[in-house]
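What follows is each chain in one-letter form.
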Amino acid sequence: VCAPVVAREAKAQGKPVAAHHAHLLVHGLLHLAGLDHERGDEARRMEAANRRFEANDYWGRATVKADSVLARKTTGPEAGTALAVKGEAQAALGQCADATPSLLRALAQPIDLEEREYAQLALGRCQLQQGEYDRAAESVRPVTEGKDRTRREQARFIMGSAERRMGRDSSAFEMLAGLRGKP
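Residues numbered from 1 in each chain as written. Predicted model: local features only at pLDDT ≥ 70, side-chain atom pairs only at ≥ 80, totals over all residues. Heavy atoms only, no water.

Here we come to the state of the cysteines. Following the criterion strictly, the structure yields one disulfide and no others. Across the disulfide, C96 is cross-linked to C126 (sulfur-sulfur distance 2.2 Å). An S-S torsion of about -75 degrees defines the bridge between C96 and C126 as left-handed. Placement of the pair is C96 in helix α6 (residues 96–107) and C126 in helix α7 (residues 113–129), with a sequence separation of 30 residues. Relative accessible area serves as the criterion here: at 0%, C126 is assigned to the buried category. (Disulfide = S-S within 2.5 Å. Helix = DSSP H or I, 4+ residues; strand = E, 2+ residues; numbered from the N terminus. Buried < 20%, exposed > 50% of the residue type's maximum accessible area, 1.4 Å probe, protein only.)

Next up, the structure:
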């Protein structure tokens with residue numbers, strides 16, 4: 001850690017040099033412990049590769065990181081992203097009762113489009129699981145117009161599943177037609 005850089009950053013951020021030094025020390029120790037700036041990316045890759053055990057480990061790490069951010073920030077983009085990742089992790093770990101409030105809070109914050117779409121998909125999956133079919137379809141509807149093909153197909157799958165469970169077979173067929181493999 002370079003003392004002149006720490007002093008310059010502390011001054012720019014309007015905080016005591018000792019506090020910034022402590023923050024950077026803890027930040028570095030967390031990196032050494034393997035807690036990187038996880039936003040769920042590695043967990044999603046493991047899920048896509050059907051490596052569930054590893055995915056659960058990464059979701060657990062992402063939750064710890066999100067809780068760390070939420071201890072410092074309660075509103076704004078950083079808090080919104082942390083809530084989105086935490087909610088997505090909870091959903092992936094089968095904790096939809098806890099995930100739903102986190103995801104709803106995240107979606108009320110200004111977060112980037114990619115994280116928003118992942119949060120909408122996780123919320124939709126939880127609502128589907130909880131029997132809230134109309135809400136599930138509404139939660140993921142914006143994702144069906146997104147730029148990412150994989151997320152669009154996941155949204156269509158959730159919407160089609162919701163439509164099918166509500167007895168709207170023709171609408172379900174329209175949503176599910178043309179999907180590649182497992183979304």
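Structure shown, so let's carry the discussion forward.
Taken as a whole and assessed by the stated rule, the structure comprises 18 salt bridges. Linking R151 and E117 is a salt bridge whose minimum nitrogen-to-oxygen distance equals 2.7 Å. One end of the pair, R151, is in helix α9 (residues 149–165); the other, E117, is in helix α7, and 34 residues separate them in sequence. For E117, a relative accessible area of 4% translates into the label buried. R168 is the partner of E163 in a salt bridge, and the nearest nitrogen-oxygen pair spans 3.5 Å. By relative accessible area, R168 is classed as partly exposed at 39%. Bridged by salt links that share partners, the residues D41, R44, E88 and E115 form one connected network. (Salt bridge = Lys/Arg side-chain N within 4 Å of Asp/Glu carboxyl O.)

Keep in mind these values describe shape, not function.
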